[in-house]
Amino acid sequence: MKVKVDERGYYGSFGGAYIPEMLYPNVEELRKNYEQITTDLDFRKQFESLLKDFVGRPTPLYFAERLSHQYGAKIYLKREDLCHTGAHKVNNTIGQILLAQRLGKKKIIAETGAGQHGVATATVCALMGIECIVYMGAIDMQRQKPNVERMRILGAEVRPAESGSKTLKDATNEAMRHWINNPKDTHYIIGSVVGPHPYPEMVARFQSVISEEIKKQLLEHEGREAPDYIMACVGGGSNAAGAFYHFYDNENVQLIAVEAAGLGNDTGESAATTVLGKPGVLHGSKTLLMQTEDGQVIEPYSISAGLDYPGIGPVHAHLFETGRAQFLSVTDEEAMKAGVEVSRLEGIIPAIETAHAFAALNQMNFNPEDVVVLNLSGRGDKDLETYIKWGKY
Amino acid sequence: MNRIEELFKRKSERVLNVYFTAGYPEVDSTVTIMKGLEKSGADLIEVGIPFSDPVADGPTIQESNGVALSNGMTLELLLKQLEGIREKVSIPIVLMGYINPIIQYGIEPFCQKCEEMGIDGLILPDLPMYEYMELYKPVFDKHGLFNIFLITPQTSEDRIYEIDKNSNGFIYMVSSASTTGAKTGISGEQEAYFERVNAMNLNNPRLIGFGISNKETFDKACNHANGAIIGSAFIKAMAQAGDKGLTRGIDDFIKQVLS
Ligand SMILES: Cc1ncc(COP(=O)(O)O)c(C=O)c1O
């Protein structure tokens, strides 16, 4: 199956650019220019050199021996947790800041949930000496305090989103409103494969370095480029899109996307969009969306701020609809347990977002010869307080 | 003839369009407000369909959307309230809303209902033009619904001509780069933009919206267009009506604007 975005930003029936006219010039400017700018040789050189020397890429593909033994397959971890700032998010912000500079933008705004994207944005803004404002849900500011302070130390202004559910969805609304009010010199760095075209595809391409490296590294380890399974957690879906990207068309590779089921999919406190959502429009694209019959967006719930979003990127809605990827969901409790288990088996404390991908190992039926790559999207430093509060370790 | 078309045939100056959010301040305020608006001299009514995530709106309309939703307003209920509205209100009625609730209701059934209720036009700010042209326009046309597009100071000249070509009724001229209710007053820079658009000789009449809040800004806007749209300031006026009651509050506000 070819997974490809069309000219209007659709993956099958999902995507597009559902934006008010106030945002049209900005989004159109991006759409017209991003391909040319990001494929330019000079851009590629600067992007790759920053990924190497600043971010620390390539990140290792690590054979997790004890975990493999536990789950009866050959499990490799793609160590995005070792990226500078502690998660995959920085791959995208490096790309977008270079793009913003070439578009002549002087200011940056971003939304953030767990604070990882906010930190990654604040970091590249500091690197380039560009003013940075990050919108963050007031509730998320409480549960991800260390990241709030990290952004501030890096010189960014963190603005609480006090509307709606005060989480990622509302931070995104506020960032969009800010952009409407400041259209000329500001670039909006969206943190996942969501938003109006061209954002989903652009962010996926910046993140596709993950699967590009997996191919090379797996060849060294296993003598083959493609694994049998790739597993990743999905909030908006950027780490998953990056890990899947170069394997979309190889149907021998099973793509496993893991969503957050919160307290359980039948409790009303979940963020598992493919289970609970229907097609709808939010934040500029048509995608699967958790909503009431009246089309009002439902406030999702997950212990993990980075997965606490009522939609998924349009490419994931397409992968779900076509059956190209399999979607699983795991609860708060399962994720927390898996996070501690991985800490003890491998000496790696994962981000709670990533812990959801680990928890899904329990739902898989592997053959001992299967090669599995799990995208370790981030480290758990930011989540210590949540681990401590949960307490069962 | 569509009532909007009729209106602009009859009146090409100082056209007053007033926006309110259905379900605010009370769930059953809809018809009272509409009757009040017509009686006090508004020319056009824009009924907002509440949405949980109104990204183009500032704090006042965000809040009215939130209150309306917690009052239990839905698109289905609104359409029920509008049954028989043409026996009570004769000026043009436009529904304004984000696209998602309408998609969930179903485009065809929604447009069918609109026609039955005597709705004249729709303003759907997050419906892209190409989607409209390919999927929605045939349905709107079939049910006699005008589609009203927005333009802003950042909209290019080519795109304004394209929008003019594909519009009917009027063009909603957003006064500044902002969400609703963000700014008060009209600057020289904004007036230059209004005049730039005037000089383009567009086919459709224009109403200026965003930041129009009182007589002064209404008068100023009317110097540069066929009229203006008031939203946030009207919502605030209703909130402050208090003891004198909704109808009296509406009347005082509109009379002051038109004085
Ligand atoms: C470590 C980590 N993983 C995953 C996510 C979820 O985002 P996405 O689905 O875009 O990868 C986040 C978001 O904050 C994160 O911090």
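> Can you lay out the overall build of chain A for me, pointing to particular residues and giving the numbers?
Scanning chain A for helices and strands turns up 16 helices and 14 strands. Taken along its principal axes, the extent of the C-alpha atoms in chain A is 55 × 45 × 40 Å. Looking at chain A as a whole, 65% of its 393 residues qualify as buried. Of the contacts made within chain A by residues no fewer than 6 positions apart, 73% connect residues no fewer than 24 positions apart. Carbon and sulfur atoms provide 50% of the accessible area of chain A, an area that totals close to 13700 Å². Of note, chain A has its 40 positive side-chain charges centred 4 Å away from the centre of its 50 negative side-chain charges.

> Account for the site of the ligand, with residues named and values stated.
Residue and element names in this part refer to chain A. In the vicinity of the ligand lie 19 residues, with S192, G235, G237, S238 and S377 positioned nearest. At 2.7 Å, a backbone N or O of G235 approaches an oxygen atom of the ligand. Coverage of the ligand by the protein chains reaches 97% of its 390 Å² of free accessible surface. Looking at the shell around the ligand residue by residue, the class counts come to five nonpolar, 12 polar and two charged.

> Before we move on, could you go through a nonpolar patch on the surface and cite the residues and values that matter?
Residues and elements named next belong to chain A. Residues I349, L384, I388 and Y393 make up a contiguous nonpolar surface patch of about 410 Å² in total accessible area. You can see Y393 is positioned in the segment after α16 (384-390). What makes Y393 exposed here is its relative accessible area of 52%.

> Quick rundown of unusual backbone geometry? Include the residues and the values.
Cis geometry is found at the peptide bond from H197(A) to P198(A), where omega equals 15 degrees. If you check the backbone angles, T85(A) has positive phi at about 80 degrees while not being a glycine. On the secondary structure map, T85(A) appears in the loop between β4 (74-78) and α4 (89-102). The class of T85(A) is buried, set by a relative accessible area of 5%. Although it is not a glycine, N201(B) sits at a positive phi angle of roughly 55 degrees.

> So what about the interface of chain A and chain B? Which residues, and what values?
Facing the 35 residues of chain A at the interface are 39 residues of chain B. In total, about 2900 Å² of surface goes out of reach between chain A and chain B, with carbon and sulfur atoms giving 51% of it. By the criterion of area lost to chain B, the three top residues of chain A are E21(A), M22(A) and R177(A), representing 22% of everything that side buries. Counting across the interface, chain A meets chain B through four salt bridges. Between D53(B) and K169(A) there is a salt bridge, with the nearest N and O atoms lying 2.7 Å from each other. There are 20 residue pairs in polar contact (both at pLDDT 80 or more) connecting chain A and chain B. Those elements giving two or more residues to the side of chain A that touches chain B turn out to be α1 (24-39), α8 (168-181), β11 (278-282) and β12 (285-289) of chain A. With eight residues, the single largest contributor to the side of chain A that touches chain B is α8(A).

> Can you lay out helix α12 (residues 246-258) of chain B for me, pointing to particular residues and giving the numbers?
Side chains three or four residues apart in an α-helix point the same way, a direct result of the helix having 3.6 residues per turn. All names here are of chain B. A rise of 1.5 Å per residue sets the reference length of α12, with its 13 residues, at 18 Å; its end C-alpha atoms lie 18 Å apart and thus fit the reference within 8%. Turning to α12, its buried residues are L246, G249, I250, F253, I254 and V257. One face of α12 carries all of its buried residues, which in axial projection span an arc of 120 degrees.

> I'd like a description of the sheet that holds strand β9 (residues 229-233) of chain A, backed by residues and values.
Residues and elements named next belong to chain A. The sheet built from six strands is open, its strands ordered β3-β4-β14-β9-β10-β13 with mixed pairing. With one partner strand each, in any of the chains shown, β3 (61-63) and β13 (325-331) form the two edges of the open sheet. Here the average twist between neighbouring strands, direction ignored, is 25 degrees. Relative to strand β14 (residues 371-375), β9 runs parallel, the two being bridged by three bridges. Its bridge partner lying in β14, I230 is registered against V373.

> Which residues make up the nonpolar core, and what are the values?
In terms of nonpolar packing, the biggest core is built from 189 residues, with L37(B), L95(B), F110(B) and F234(B) touching the most fellow members. Residues within four places of L37(B) in sequence aside, it is in contact with V18(B), F20(B), A42(B), I45(B), F234(B), I250(B) and I254(B). Counting 38 residues, the second-largest nonpolar core is a separate cluster that includes Y71(A), A338(A), V340(A) and A355(A).

> With reference to specific residues and values, describe the pattern of salt bridges.
Residues and elements named next belong to chain A. Enumeration according to the criterion identifies 40 salt bridges over all chains in this entry. In this structure, R44 engages E48 in a salt bridge whose closest nitrogen and oxygen atoms are separated by 3.7 Å. Pair noted here: R44 and E48 are both in helix α2 (residues 41-55), with a separation of four residues, about one helical turn. With a relative accessible area of 45%, E48 lands in the partly exposed category. Where E222 meets K74, a salt bridge forms, and the shortest distance between an N and an O atom there is 3.2 Å. With E222 in helix α10 (residues 209-222) and K74 in strand β4, this pair connects stretches of sequence that are 148 residues apart. Given the relative accessible area of 27%, K74 is considered partly exposed.

> Before we move on, could you go through the side chain of N204(B) and cite the residues and values that matter?
Residues and elements named next belong to chain B. Here N204 shows up in the loop between α9 (188-198) and β8 (206-209). Residue N204 is classed as buried on the basis of its relative accessible area, which comes to 9%. The contact partners of N204, leaving out residues within four places of it in the chain, are D164, S167, N168, G169, F170 and I171.

> Residue-level account of the packing of aromatic side chains, with values.
Note on aromatic pairs: each is described by the distance of the centres and the angle between the planes. If you walk through the whole model with that rule in mind, you get 19 aromatic pairs over all chains. Of the aromatic side chains, those joined through ring pairs into one cluster are Y132(B), Y136(B), F140(B) and F149(B).

> Give me the sheet that holds strand β5 (residues 107-112) of chain A: which residues, what numbers.
Residue and element names in this part refer to chain A. Spatially, β7-β6-β5-β8 is the arrangement adopted by the four strands of the open sheet, whose pairing is parallel. The open sheet has two edge strands with one neighbour each: β7 (157-161) and β8 (186-189). Taking each pair of neighbouring strands and ignoring which way they run, the sheet shows an average axis angle of 25 degrees. Pairing geometry for β5 and strand β6 (residues 131-137), over six bridges, is parallel. Each residue of the ladder has a partner; that of A110, found in β6, is V134. The sheet strands contacting helix α5 (residues 116-128) are β5, β6 and β8, and the helix crosses β5 at an angle near 165 degrees.

> Requested: an account of the state of the cysteines, with residues and values cited.
One pass over the structure, following the stated rule, counts zero disulfides over all chains. In this model C125(A) remains outside any disulfide bridge; the closest cysteine sulfur is found in C132(A), 3.8 Å from its own. On the basis of relative accessible area, C125(A) is assigned to the buried category, the value being 1%. Residue C111(B) stays outside any disulfide, its sulfur separated by 6.0 Å from that of C114(B), the closest cysteine. Judged by its relative accessible area of 0%, C111(B) falls in the buried class.

> Go over the packing of helix α7 (residues 129-142) of chain B against helix α8 (residues 157-166) of chain B with me, naming the residues and quoting the values.
Residues and elements named next belong to chain B. Packing of α7 against α8 brings their axes to within 12 Å, and their N-to-C directions diverge by 25 degrees. Put simply, α7 runs roughly parallel to α8. Handedness of the α7/α8 crossing: left-handed. Residues M129, Y132 and M133 of α7 touch α8, and the partners they reach there are R159, E162, I163 and N166.

What counts, and where the lines are drawn
Residues numbered from 1 in each chain as written. Chains lettered and ligands numbered in written order. Predicted model: local features only at pLDDT ≥ 70, side-chain atom pairs only at ≥ 80, totals over all residues. Heavy atoms only, no water. Helix = DSSP H or I, 4+ residues; strand = E, 2+ residues; numbered from the N terminus. Buried < 20%, exposed > 50% of the residue type's maximum accessible area, 1.4 Å probe, protein only. Contact = heavy atoms within 4.5 Å. Areas by Shrake-Rupley, 256 points an atom, 1.4 Å probe, with all protein chains shown as cover. Lys, Arg positive; Asp, Glu negative; His and termini not counted. Charge placed at Lys NZ, Arg CZ, Asp CG, Glu CD. Near = heavy atom within 4 Å. Polar contact = N/O pair within 3.5 Å; in protein donor to acceptor, adjacent residues only side chain to side chain. Nonpolar A, V, L, I, M, F, W, Y, C, P; charged D, E, K, R; others polar. Patch = residues over 30% accessible without salt bridge, like charges linked within 9 Å, V, L, I, M, F, W, Y side chains within 5 Å. Salt bridge = Lys/Arg side-chain N within 4 Å of Asp/Glu carboxyl O. Buried area = accessible area lost by both parts, 1.4 Å probe. Expected span 1.5 Å × (residues − 1). Arc of directions from axis to C-beta. Pairing = 2+ DSSP bridges. Axes fitted to C-alpha atoms, helices over the stretch in contact; angles between N-to-C directions. Core = buried A, V, L, I, M, F, W, Y, C linked by side-chain atoms within 4.5 Å. Phe/Tyr/Trp six-rings, centres within 6.5 Å; stacked < 30°, edge-to-face > 60°. Disulfide = S-S within 2.5 Å. Parallel < 35°, antiparallel > 145°, perpendicular 65-115°, else oblique. Left-handed = near helix turned anticlockwise from the far one by under 90°.

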